[in-house]
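# Commentary on secondary and tertiary structure
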Amino acid sequence: MVYLADEGRYGSMHYQRCGRSGVLLPKVSLGLWHNFGDTHPLETQRAVLRRAFDLGVTHIDLANNYGPPPGSAESNFGTIFAQDFRPYRDELFIASKAGYLMWPGPYGEFGSRKYLLASLDQSLARMGLDYVDVFYSHRFDPDTPLEETMGALDSAVRQGKALYAGLSNYPPEAIERAAAILGELRTPYLINQHPYSILDRGVEGGVLEASARAGAGVIAFSPLAQGQLTDRYLAGVPADSRMAVGHFLRREVLTEQRLALLHALNKLAEGRGQTLAQLALAWVLRDPRVVSVLIGASSVAQLEQNVAVLDSPGFTDDELAEIDRLSAENGIEIP
């Protein structure tokens, strides 16, 4: 059946300006990290993407190595894009990244010009796109001159293969230096992507401030700490869960102390009329420097529940203080 997007798709989504740019991003964006590889049915992926766009989720985030296997998320997205979304290309904001291991040999990872530009060409071919809206350096490379890495991002923009440059997983000092280089090159530097959740507050140690000074927005990935900040693990580790597979999320993190924190946060969420996931997403979005949260979704129902965070009430000072207190008491480092 031919896909026709919902005419009311922009009626309920909230959009926020990204840094000092002209770009508005949805406050909830869809990341294709875990659930869009060849291990998940294509029709489920199609249903999630269609529903996301119908809800006003215009920003789709990918990377060269997303899958599994690496590259399959971009290939699967490309298949669905060609069949369903090509007429809506100008309404979509699509990202890709390069930095982690993608192919064997000395040119298959990190931050060299050779790797980044070759990877971008491969990503565009897999997705069937002429350009991406933002292309990220996926991680800081301490062994490659930052001028080379930023120069590659500049070339991607000047070649028309990306509209904006972005950084992911960069420490504050490198953000400052990279911003200065991109400024000298007059490269449109849009956004920084980092993990941020109640369980991982590292960006509060300088990334948020460095991004604001550079005029770049911040988009948070893993705002649910790969599922820990949901009801999925409150009663243990389900056999079909990400933690049971143990690739990125290990059973060892679910200590008695961590479970105590999750149950306490869940009780607080219930008092607000929310799920634990909605509480966690709303908490990340409380900071105006965070332009959007990246959610993964394995089903339409999960997507809809997370997008419902847009209806969340604001936090009281007492609620924020309680989250800080519970976090500190249960081993979360607060910068």
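Residues numbered from 1 in each chain as written. Predicted model: local features only at pLDDT ≥ 70, side-chain atom pairs only at ≥ 80, totals over all residues. Heavy atoms only, no water.

Taken in spatial order, the eight strands of this closed barrel run β3-β4-β5-β6-β7-β8-β9-β10, and their pairing is parallel. Taking each pair of neighbouring strands and ignoring which way they run, the sheet shows an average axis angle of 30°. Pairing of strand β7 (residues 162–168) with strand β8 (residues 189–195), which is carried by four bridges, proceeds in the parallel orientation. Looking at β8, one finds that A165 is bridged to Y189. (Pairing = 2+ DSSP bridges. Helix = DSSP H or I, 4+ residues; strand = E, 2+ residues; numbered from the N terminus. Axes fitted to C-alpha atoms, helices over the stretch in contact; angles between N-to-C directions.)

The next subject is the packing of aromatic side chains. This structure, assessed with the given rule, holds eleven aromatic pairs. Plain terms: the ring middles of Y3 and F85 are 5.2 Å apart, the flat faces sit at 55° to each other, and that makes the pair tilted. Here F85 lies in helix α2 (residues 72–85) and Y3 lies in the segment before β1 (15–17), a separation of 82 residues in the sequence. Using a relative accessible area of 2% as the deciding quantity, one classes F85 as buried. Relative to Y170, the ring of F140 lies with its centre 5.5 Å away and its plane at 65°, an arrangement referred to as edge-to-face. Of the two residues, F140 is situated in the loop between β6 (132–137) and α4 (146–158) and Y170 in the loop between β7 and α5 (172–185); the sequence distance between them amounts to 30 residues. The exposure class assigned to F140 is partly exposed, which follows from its relative accessible area of 24%. Classification of Y170 by relative accessible area gives buried; the value is 1%. Feature note: the residues Y3, F53, F85 and Y88 constitute an aromatic cluster, connected by ring pairs. Its end group placed over the ring of Y107, K114 keeps NZ or CZ at 5.6 Å from the ring centre. The side chain of R272 reaches across the aromatic face of F315, ending 4.0 Å from its centre. (Phe/Tyr/Trp six-rings, centres within 6.5 Å; stacked < 30°, edge-to-face > 60°. Buried < 20%, exposed > 50% of the residue type's maximum accessible area, 1.4 Å probe, protein only. Lys NZ or Arg CZ within 6 Å of the ring centre and 35° of its normal.)

A few words on the pattern of salt bridges. Here the structure, examined in full by the defined rule, presents 20 salt bridges. A salt bridge links E204 to R286; the shortest N-O distance between them is 3.4 Å. A residue pair is termed long-range when its members are at least 10 positions apart, and E204 in the loop between β8 and α6 (207–214) and R286 in the loop between α9 (276–285) and β10 (290–295) qualify at 82 residues. A relative accessible area of 30% places R286 in the partly exposed class. One continuous salt-bridge network, built from bridges that share partners, spans E43, R46, R50 and D84. (Salt bridge = Lys/Arg side-chain N within 4 Å of Asp/Glu carboxyl O.)

Looking now at the packing of α2 against helix α3 (residues 113–127). It is the contact of α2 with α3, at a shortest axis distance of 7 Å, that shows an interaxial angle of 40°. For the element pair α2 / α3, the angle class is oblique. The segment α2 lies against α3, with E74, S75, F77, G78 and F81 engaging S123, R126 and M127. The residue inventory of the contact of α2 with α3, partitioned by class, reads three nonpolar, three polar and two charged. (Parallel < 35°, antiparallel > 145°, perpendicular 65-115°, else oblique. Contact = heavy atoms within 4.5 Å. Nonpolar A, V, L, I, M, F, W, Y, C, P; charged D, E, K, R; others polar.)

Following the sequence through the fold, K97 ends up in strand β5 (residues 93–98). Since its relative accessible area comes to 0%, K97 is described here as buried. A polar contact is formed between the side chain of K97 and the side chain of D61, at a distance of 2.7 Å. Dropping the residues within four chain positions of it, K97 is found in contact with D61, L62, A63, N64, Y66, F135, Y136, H138 and Q193. (Polar contact = N/O pair within 3.5 Å; in protein donor to acceptor, adjacent residues only side chain to side chain.)

A separate point is the pairing of β10. With six of six residues buried, β10 is to be regarded as a mostly interior element. Note: strand β3 (residues 28–31) against β10, three bridges, orientation parallel. Each bridged residue has a counterpart across the sheet, and for S29 the counterpart in β10 is L294. With three bridges joining them, strand β9 (residues 217–221) and β10 adopt parallel strand pairing. Each bridged residue has a counterpart across the sheet, and for V218 the counterpart in β10 is V290.

Among the six residues in β5, six count as buried, and that is most of the element. Burial along β5 is two-sided: the face carrying F93, A95 and K97 and the face carrying I94, S96 and A98 are both buried. One ladder, built from three bridges, connects strand β4 (residues 59–61) with β5; its direction is parallel. Paired with I60 across the bridge in β5 is I94. One crossover worth recording links β4 to the parallel β5 by way of α2, and it is right-handed. In terms of handedness, the path from β5 via α3 over to β6 forms a crossover that is right-handed. (Right-handed = clockwise from strand over helix to strand, strands pointing away.)

Within the secondary structure, R177 is located in helix α5. On the accessibility criterion, R177 (45% relative accessible area) is partly exposed. Remark: the alpha-carbon pair of R177 and G71, spanning 106 residues in sequence, is separated by 30 Å. Beyond its immediate chain neighbours, meaning those up to four positions away, R177 contacts F140 and L146.

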